[in-house]
Structures are given as structure tokens and as C-alpha cells.
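If you want the building blocks of each chain, they are given just below.
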Amino acid sequence: MEISEIIKFMCDSIHTPIAICDIEYNIIYENKAAVDRFNHGREFVGKNIESCFSVETLSKIYAAFEWFKEEEKNNTIFVYHNDKDNTDVYINSVRDDKKNLIAVYSYEICRNLEAVKPFDID
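Residues numbered from 1 in each chain as written. Predicted model: local features only at pLDDT ≥ 70, side-chain atom pairs only at ≥ 80, totals over all residues. Heavy atoms only, no water.

> Would you explain the environment of Ser51 in this entry?
Within the element layout of this structure, Ser51 appears in the loop between helix H2 (32-38) and helix H3 (55-70). A residue is classified by how much of its surface remains accessible, and Ser51, at 55% relative accessible area, is exposed. Spatially, the C-alpha atoms of Ser51 and Asn75 are 25 Å apart, while their sequence positions differ by 24 residues. At 2.8 Å, the side chain of Ser51 forms a polar contact with the backbone oxygen of Asn48. (Helix = DSSP H or I, 4+ residues; strand = E, 2+ residues; numbered from the N terminus. Buried < 20%, exposed > 50% of the residue type's maximum accessible area, 1.4 Å probe, protein only. Polar contact = N/O pair within 3.5 Å; in protein donor to acceptor, adjacent residues only side chain to side chain.)

Have a look at this one:
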């Protein structure tokens, strides 16, 4: 099995939304959680973000891309806090081995304390 296939399955197993956009603003990947939460079951892979977001949101996304391009140390932006799910949403740069921006991805981090004990597999 190829590493790209393993990474896809790994991302699909994560319960919080993950979406990846290339530098031409095309959505190139969404995990199952992203499709379910944001798209109501419709997949947006292959679409340009202009067909998926409001003008206000697009202006913020474009500004984030420009900020990522400015310096290789510019890598993470806090986007918003989702009160309903108690999660923080971020966008992060993806850089190649020469530190060139090649993609951007969004993800969420939950603020809730874990309800189970560590390594509780019984």
C-alpha cells in the first residue's frame, strides 16, 4: 500500500473535519467528517473555493494564502472558535522540502477534556 493511500485512510478515520486546498484554490481533499459537517454529504473535491464560500470568507482565505507566501515561518492561522462543538478551527500551510507553499489545509482541535481513561481499551 502506498503512503498516500495510508494518509488518506488515516485522515478519513479522524472525526474532525480536514480539507486541503492547492495554491490555485482548488479543493483537492476532504475527509469524511468535512463532507458530512460542511457539505451535508456532498463532496467538493475538484471545485474551486470560489464556488463554495461567501465573498467575505473568500477575502479572508485569499489574505491567509498571501500571508503564508510572505515568509516560510508563516504557517498557522487561527480561524474561529466553534461554540457548538467547542472546537478551534485553524488553517495551516503545507510546504515542500524547499519551503515553498504547495497547499493549505484546515482542521479543528477540540477543547473538551477526554472522557475516557488513557489507553482504555477494555
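What follows continues from the structure just given.
> Would you take a moment to explain the confidence of the model for the protein for this structure?
Low-pLDDT portions of the prediction should not be read for the details of their coordinates. On average, residues of the protein carry a pLDDT of 91, and 98% of them reach 70 or more. Within the protein, no element has a lower average pLDDT than H2, which sits at 85, and none a higher one than strand S4 (residues 87-95), at 96. (pLDDT = per-residue confidence, 0-100.)

> Where do I start with a nonpolar patch on the surface in this structure?
A grouping of Met1, Ile3, Ile6, Ile7, Phe9, Met10 and Ile14 is seen on the molecular surface, where their side chains present a nonpolar patch of about 710 Å² in accessible area. Checked against the element boundaries, Ile7 lands in helix H1 (residues 3-13). (Patch = residues over 30% accessible without salt bridge, like charges linked within 9 Å, V, L, I, M, F, W, Y side chains within 5 Å. Areas by Shrake-Rupley, 256 points an atom, 1.4 Å probe, with all protein chains shown as cover. Salt bridge = Lys/Arg side-chain N within 4 Å of Asp/Glu carboxyl O.)

> Where do I start with unusual backbone geometry in this structure?
Glycine aside, a negative phi is what most residues show, and trans is what most peptide bonds show. One non-glycine residue with positive phi stands out, namely Asn86, at about 55°. For Asn86, the position within the fold is in the loop between strand S3 (76-82) and S4. One non-glycine residue, Phe119, lies in the positive phi region at around 55°.

> Help me understand the pairing of S4 in this model?
Look at any regular strand and the pattern is simple: side chains alternate between the two faces of the sheet. Among the 9 residues in S4, 8 count as buried, and that is most of the element. The sheet contact formed by S3 and S4 spans 6 bridges and is antiparallel. Looking across to S4, one finds that Tyr80 is bridged to Val89. What sits between the antiparallel neighbours S3 and S4 is a turn of 4 residues, in which Asn86 has the positive phi angle 55°. In this structure, S4 lies alongside strand S5 (residues 101-110), joined through 9 bridges in antiparallel fashion. Looking across to S5, one finds that Ser93 is bridged to Val104. The turn joining S4 and S5, which pair antiparallel and follow one another in sequence, is formed by 5 residues; a positive phi near 70° is taken by Lys99. (Pairing = 2+ DSSP bridges.)

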